[in-house]
Amino acid sequence: MDKHFLNPLFAPASIVAFVGHADDPGGQTSAGHTLRQAFRADRFDGTLRFLDVRTKGTLEELSQTHADLALIALAPRDVAAALEIAGRIGCSAAVVISSGIGAEQADQWRKIARREGVHLLGPNSLGFQRPLLHLNASVAGPLAKAGPLALVSQSGALTASMLDWARQNGVGFSSVASLGPHTSVDIPQVLDFLANDQATHSIIVYLEGIADARRFMSALRSASHAKPVVVLKAGRKPAGNEAAQTHSAAIVGSDDVFDAALRRAGAVRVRSFVELFSAAKCLASRYRPVGKRLAVVTNGGGPGVLAADWINEIGLDLGKLSAPAQKLLQPTLPPLASLADLIDLSEDATPAHYRAAIEAASADSQVDGVLAIFSPKPGADAAATAKALADIPRPMNKPLLSCWMGDSSVGQARTVLADATIPSFRTPEAAVGAFGNIAAFYQNQQLLQQTPPPLSALAKPDIEGARLLIESVLAERRKVLTEMESKTLLSSFHIPITRTLLARSANEAMMIATQLGFPVALKIDSPDISHKSDVEGVALNVMNGTGARDTYIEMMERVARLAPEARINGITVQKMVRARRGREIYVGMVTDQPFGPVIVFGAGGTMIELLNDRAMELPPLNQFLARRLIERSRVAETLGEWRGANAVDMEALEHVLLRVSEMVCELPELREMDINPIIVDESGAISVDARIVVDSSTQAVAGHVGNGYQHLAIMPYPARYRREWPLSGGGTYIVRPVHPNDAQMLQALVQGLSPESRWFRFVSRFHELPPSMLSRFTLIDYDREMALVAVVVDRSVAPDGTVLDTERIVGVSRYITNPDQTSCEFSLVVADEFSGKGIGSRLMESIIDVARDKGLAEIDGLVLANNPDMLKLVRRLGFSVKPFPEDPDFKLVTYML
């Protein structure tokens, strides 16, 4: 039951092909002819049989036929019949190779496939290839060379182009899947399969659109945690939205949000066709996590300077040798060699000099990667220098990239580098860009590890009060909150605001201003005016009561003239924030289609659109994510000590972001939000103005329904399932959802199990979890699976008398939702020393409660027939126990939720 449900599609043992006959012009297609030719040429490893849906002998043939996969390359009139036949002969999967099929007909075929229990790839698909199986179930050209890359593409034309390019460049594939519009098997499902495919070392994806952001993010996060994923996306949408009611929505485009989503998923985005493959090749080398410091070893100053320029341009740092490393290396180099910035070996560089410099840079803690550049010179041996790189012992602990410039004289050298699997590039800029992708991958992996809860550890907000306020606004059939309402909402989540009072007359404005103290700011308060400054509805630095009265009168007259249809509640009065060297920041929120809410951060003030400073992150946030969000903005450079001003209170700014994240998680009605400006200095942060847009319509992430934070693209850490229980014999233990930081504790649990317990849980003799399995067990998608860990605290006393508390995982229960989305499969393991203390029962009861809470109807599992303790436990919990037809060594246990 651990096999992926797409195995019959991508790893079939037997295939039946419906391709029509050449003597039937209405049934034969060019795709069918191409498939026949492909199978003749590629010699598929399994069994293959051709069937014709239009012959009378079909029914007799069916009783003799069984297959895992049906390939259908027929005219549209015959596809439905072929799908029904495929279901009758037990096919678990089918591929419909076609083009130009509309949504209505595709939906009809999808319903037939679902009724017959068939996973359908297509229509509007070129099919797929599995080179290692000699399987070319596609019309995308000849079978690709076998290799470690997997390609998933939403464009048939680009799939064929990529395969053609790869053939000329020696690039091989483990899998190639062409997914067009309306196909039933989609990118999230294929990513799930490839994440667990041992033949796939890295994945490249060409995207044109996403139907279900939650499922896409879930699958992408899981895949990129297991192996590098590189994405090329077409169809960028320019920033700007004519209907935007806040500054944030006006300056954030969907392509910016897509960038933020990929970062959070741990994947790397590239911008060009060739960069897609170079990034994938580099990332497939599986270097350890690296920073941004790239050292450049060169025999020519010009190419080295070009590389250094591009390093600066794309936000990397030039790696420089430390003083001790320079001192050791310098005597071994030619007299004219320079180590100040670049490692310039001079024109007299020999292969030995290159090797010495690369080994020195690789050993230096101030360098994260090495780029070797070779320029053809009289007397310089390009191939011998390449051989010197190839002879460096592997694996190096840092990325090594090469750039042999020129063409006719360096062809043999490039072959040497390729044979040694050293990534080679023709220009310094391309090589630097490839290293940038490696650095970005590992930076994004840090973001991937973050699984924040919906609420931070700060003081609990008044969520109910905030919801009542939103309900009252929507009850009035309004969507835009006034400034007073917006600030009240912020206050509910403890975001500091300026004290603001509403004046409904000139005399009230004068009295309020006098009580608050001068200077004050006056602003028009209207649900119909999005930007107050557009109607001259803001007055700053009003210095006395008379000025406040006169300003009120003038502003009301001016706004009535410029916005005659606007409803006016009055004018707000607030004390001016006096921060002599404060910085103006804005924090916003927009709702993207399809990714849902996105938090935006940047430089604030009246020129926000002109500055166009935006960094963004998908909620929920924790302090690590909040800090990284701030660092990605341009205004971040001004937040430290800057031009005589003290550094701002970064913790206060991070707390504002955490509070906004809480608002976004707990208030799904939020659509847009501006907090602009936020004045931040060394003493804290305070919100001066705010504008919020809400909507009562269900704003679940596109394509997804259900309960609990469904408006978010990333499921928050489900802290609500944390419980403390008494331990039999004294003490307590905690049951909580697993977290990525639990990896080492989980490994320790497995290592400490007896051989029998390990066999009962994993049906394997391994002593510890392989790294890929360990990461898959700890970084999970809480939306489609759950793992609950039982944690005890071991207390010890250090030699200095300090009391040390150490957490230890002593049990794990988990379930994974089955492809039918209505049932799940469970597993359970408990440390031997804690057996019989009630932890196993509690973990099972807890995981059953979570599955029920998720709306699942059934939980089942496989238990070894010779595991009496587990069988006794599940019977006591009410499971039915039956023989497992596929293997008599197991019992199938089932519980209806």
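Residues numbered from 1 in each chain as written. Predicted model: local features only at pLDDT ≥ 70, side-chain atom pairs only at ≥ 80, totals over all residues. Heavy atoms only, no water.

**Regarding the overall build of the chain**
Phase 1 of the analysis: A tally of helices and strands in the chain yields 29 helices and 36 strands.
Phase 2 of the analysis: With the C-alpha coordinates aligned to their principal axes, the bounding extent of the chain is approximately 95 × 80 × 75 Å.
Phase 3 of the analysis: Expressed as a percentage of the 897 residues in the chain, the buried residues total 56%.
Phase 4 of the analysis: Carbon and sulfur atoms make up 51% of the accessible area of the chain, which amounts to about 38,100 Å² in all.
Phase 5 of the analysis: The average position of the 90 basic charges and that of the 99 acidic charges among the side chains of the chain differ by 2 Å. (Helix = DSSP H or I, 4+ residues; strand = E, 2+ residues; numbered from the N terminus. Buried < 20%, exposed > 50% of the residue type's maximum accessible area, 1.4 Å probe, protein only. Areas by Shrake-Rupley, 256 points an atom, 1.4 Å probe, with all protein chains shown as cover. Lys, Arg positive; Asp, Glu negative; His and termini not counted. Charge placed at Lys NZ, Arg CZ, Asp CG, Glu CD.)

**Looking at unusual backbone geometry**
Phase 1 of the analysis: Residue proline 123 follows glycine 122 across a cis peptide bond; omega there is 0°.
Phase 2 of the analysis: Considering the arrangement of structural elements, one finds proline 123 in strand 5 (residues 119–125).
Phase 3 of the analysis: A cis amide bond, omega 0°, links asparagine 676 with the succeeding residue proline 677.
Phase 4 of the analysis: On the secondary structure map, proline 677 appears in strand 26 (residues 670–681).
Phase 5 of the analysis: The phi torsion at arginine 477 lies on the positive side, around 60°, for a residue other than glycine.
Phase 6 of the analysis: As for its placement among the helices and strands, arginine 477 is situated in the loop between helix 18 (463–475) and helix 19 (483–492).

**Details of a nonpolar patch on the surface**
Phase 1 of the analysis: Judged by side-chain polarity, Met607, Leu610 and Leu611 come together as a nonpolar surface patch covering roughly 320 Å² of accessible area.
Phase 2 of the analysis: With respect to the helices and strands, leucine 611 occurs in helix 22 (residues 608–611).
Phase 3 of the analysis: A residue is classified by how much of its surface remains accessible, and leucine 611, at 35% relative accessible area, is partly exposed. (Patch = residues over 30% accessible without salt bridge, like charges linked within 9 Å, V, L, I, M, F, W, Y side chains within 5 Å. Salt bridge = Lys/Arg side-chain N within 4 Å of Asp/Glu carboxyl O.)

**Overview of the pattern of salt bridges**
Phase 1 of the analysis: What the rule picks out here adds up to 46 salt bridges.
Phase 2 of the analysis: Between lysine 487 and glutamate 483 there is a salt bridge whose closest N-O contact spans 3.0 Å. Of this pair, lysine 487 and glutamate 483 both sit in helix 19, separated by four residues, roughly a single helical turn. Note on accessibility: lysine 487 and glutamate 483 belong to one class, buried.
Phase 3 of the analysis: One network of salt bridges, in which partners are shared, links Glu483, Lys487, Lys523, Lys532 and Asp689.

**A closer look at the packing of helix 14 (residues 351–363) against helix 15 (residues 382–390)**
Phase 1 of the analysis: In the contact formed by helix 14 and helix 15, the axes pass within 8 Å of each other and the chain directions differ by 30°. As the angle between them shows, helix 14 and helix 15 are arranged roughly parallel. Crossing angle aside, the handedness with which helix 14 passes helix 15 is right-handed. Of the residues in helix 15, those in contact with Pro351, Tyr354, Arg355 and Ile358 of helix 14 are Ala384, Thr385, Ala388 and Leu389.
Phase 2 of the analysis: Of the residues contributing to the contact of helix 14 with helix 15, the split by class is six nonpolar, one polar and one charged. (Axes fitted to C-alpha atoms, helices over the stretch in contact; angles between N-to-C directions. Parallel < 35°, antiparallel > 145°, perpendicular 65-115°, else oblique. Left-handed = near helix turned anticlockwise from the far one by under 90°. Contact = heavy atoms within 4.5 Å. Nonpolar A, V, L, I, M, F, W, Y, C, P; charged D, E, K, R; others polar.)

**Describing the confidence of the model for the chain**
Phase 1 of the analysis: Predicted confidence across the chain gives a mean pLDDT of 87, with 91% of residues reaching 70 or more.
Phase 2 of the analysis: Low pLDDT, under 50, characterises residues 239–244; the predicted model gives this stretch 13 contacts beyond four residues in sequence or across chains.
Phase 3 of the analysis: This model gives residues 699–706 a pLDDT under 50, and the stretch forms 27 contacts once residues within four places in sequence are excluded. (pLDDT = per-residue confidence, 0-100.)

**Focus: the sheet that holds strand 10 (residues 202–207)**
Phase 1 of the analysis: Spatially, seven strands are ordered 7-6-9-8-10-11-12 in an open sheet, and the strand pairing comes out mixed. Unpaired on one side and paired on the other, strand 7 (135–138) and strand 12 (268–270) mark the two borders of the sheet. Averaged over all pairs of adjacent strands, the angle between strand axes in this sheet comes to 20°, irrespective of strand direction. (Pairing = 2+ DSSP bridges.)

**Structural notes on the packing of aromatic side chains**
Phase 1 of the analysis: Evaluation of the coordinates by the stated rule reveals eleven aromatic pairs.
Phase 2 of the analysis: When the ring of phenylalanine 10 is compared with that of phenylalanine 193, the centres are 5.0 Å apart and the planes differ by 35°; the resulting orientation is tilted. Remark: phenylalanine 193 occurs in helix 7 (residues 187–195) and phenylalanine 10 occurs in helix 1 (residues 7–10); sequence separation between them is 183 residues.
Phase 3 of the analysis: Phenylalanine 10 sits in the buried class, given a relative accessible area of 2%.
Phase 4 of the analysis: Taken together, Phe10, Phe128 and Phe193 form an aromatic cluster joined through their ring pairs. (Phe/Tyr/Trp six-rings, centres within 6.5 Å; stacked < 30°, edge-to-face > 60°.)

**Some points on the layout of surface pockets**
Phase 1 of the analysis: In this structure, the second largest pocket occupies an estimated 1,400 Å³ of space.
Phase 2 of the analysis: Lining the second largest pocket are 35 residues, with Arg263, Ile314, Ala440, Gln443 and Arg632 positioned closest to its centre.
Phase 3 of the analysis: Breaking the lining of the second largest pocket down by element, the ones donating at least two residues are helix 10 (254–264), strand 12, helix 17 (428–448), strand 25 (615–617) and helix 23 (623–631).
Phase 4 of the analysis: Top element by residues in the lining of the second largest pocket is helix 17. It accounts for nine residues.
Phase 5 of the analysis: Looking at the lining of the second largest pocket residue by residue, the class counts come to twelve nonpolar, nine polar and 14 charged. (1 Å grid on protein atoms, 1.4 Å probe; cavity = no way out; pocket = protein on both sides within 12 Å on 5 of 7 lines; lining within 4 Å. Points joined across faces, edges and corners; volume = space filled by probe spheres on them.)

**Here we look at empty space enclosed by the protein**
Phase 1 of the analysis: Applying the stated criterion across every chain, the model contains three cavities of 30 Å³ or more.
Phase 2 of the analysis: If you go around the largest cavity, the residues you meet are Arg214, Met217, Ser218, Arg221, Ser222, Ala713, Ile714, Met715, Leu779, Ile780, Asp781 and Tyr782.
Phase 3 of the analysis: Among the residues forming the lining of the largest cavity, the class breakdown is seven nonpolar, two polar and three charged.
Phase 4 of the analysis: Estimated volume of the second largest cavity: approximately 70 Å³.
Phase 5 of the analysis: Residue lining of the second largest cavity: Leu746, Val750, Arg761, Phe762, Leu769, Phe777, Val812, Arg814, Ser827 and Val829, and that is the complete set.
Phase 6 of the analysis: Among the elements of the structure, helix 25 (743–752), helix 26 (755–762), strand 32 (803–817) and strand 33 (823–830) are those that each provide at least two residues to the lining of the second largest cavity.

**A short note on helix 25**
Side chains that are three or four residues apart share a direction in an α-helix, a result of its 3.6 residues per turn.
Phase 1 of the analysis: Within helix 25, burial applies to Ala743, Met745, Leu746, Gln747, Leu749 and Val750.
Phase 2 of the analysis: The inward-facing, buried residues of helix 25 abut strand 30 (732–737), helix 26, helix 27 (771–778), strand 32 and strand 33.

**Let's talk about the pairing of strand 31 (residues 785–797)**
Phase 1 of the analysis: Bridge count for strand 30 against strand 31 is four bridges, and the pairing is antiparallel. Residue pairing for strand 31: isoleucine 734 is matched across the bridge by valine 791.
Phase 2 of the analysis: Examined bridge by bridge, strand 31 and strand 32 share 13 bridges and lie antiparallel to one another. Its bridge partner lying in strand 32, valine 797 is registered against valine 803.
Phase 3 of the analysis: As consecutive antiparallel partners, strand 31 and strand 32 are separated by five residues, and within that stretch glycine 801 has a phi angle of approximately 95°, a positive value.

**Considerations on the packing of helix 10 against helix 17**
The geometry of a pair of packed helices is captured by two quantities: the angle between their axes and the separation between those axes.
Phase 1 of the analysis: Following both chains from N to C, one finds helix 10 and helix 17 inclined at 80°, their axes separated by 7 Å at the closest point. Between helix 10 and helix 17, the crossing angle belongs to the class labelled roughly perpendicular. Across the interface between the two elements, Leu262, Arg263 and Arg264 from helix 10 touch Asn444, Leu447 and Leu448 from helix 17.
Phase 2 of the analysis: Residue composition of the contact of helix 10 with helix 17, by class: three nonpolar, one polar and two charged.

**With respect to the sheet that holds strand 33**
Phase 1 of the analysis: If you trace the eight strands from one edge of the open sheet to the other, you get 29-30-31-32-33-34-36-35, paired in mixed fashion. Every interior strand has two partners, whereas the edge strands, strand 29 (723–726) and strand 35 (880–883), have only one. With strand direction ignored, the average angle separating the axes of adjacent strands in the sheet is 30°.
Phase 2 of the analysis: In the sheet, strand 34 (residues 858–864) pairs with strand 36 (residues 890–896) via seven bridges, with the strands oriented antiparallel. The partner of glutamate 858 across the bridge, within strand 36, is methionine 896.
Phase 3 of the analysis: Against the sheet, helix 25 contacts strand 30, strand 32 and strand 33, and its axis sits at roughly 80° relative to strand 32.

**Thoughts on the nonpolar core**
Nonpolar side chains in soluble globular proteins tend to be buried together.
Phase 1 of the analysis: Membership of the largest hydrophobic core comes to 57 residues, with the highest contact counts inside it found for Leu9, Phe128, Ile203, Met217, Phe595 and Leu618.
Phase 2 of the analysis: Those residues in contact with phenylalanine 128 that sit more than four places away from it in its chain are Leu9, Phe10, Leu69, Val95, Leu121, Leu135, Asn136, Ala137, Ser138, Val176 and Ala177.
Phase 3 of the analysis: Tyr717, Ile780, Ala787 and Ala831 belong to the second largest nonpolar core, which has 56 residues in total. (Core = buried A, V, L, I, M, F, W, Y, C linked by side-chain atoms within 4.5 Å.)

**Thoughts on the side chain of glutamine 445**
Phase 1 of the analysis: Along the chain, glutamine 445 falls in helix 17.
Phase 2 of the analysis: Other than its neighbours up to four places away in sequence, glutamine 445 contacts Ser224, His225 and Gly266.

**A few points about helix 7**
Phase 1 of the analysis: In terms of burial, helix 7 is largely enclosed, as nine of its nine residues are buried.
Phase 2 of the analysis: For helix 7, the complete set of buried residues consists of Ile187, Pro188, Gln189, Val190, Leu191, Asp192, Phe193, Leu194 and Ala195.
Phase 3 of the analysis: Here the buried face of helix 7 lies against helix 1, strand 6 (127–130), strand 8 (146–153), strand 9 (173–178), strand 10 and helix 8 (213–226).

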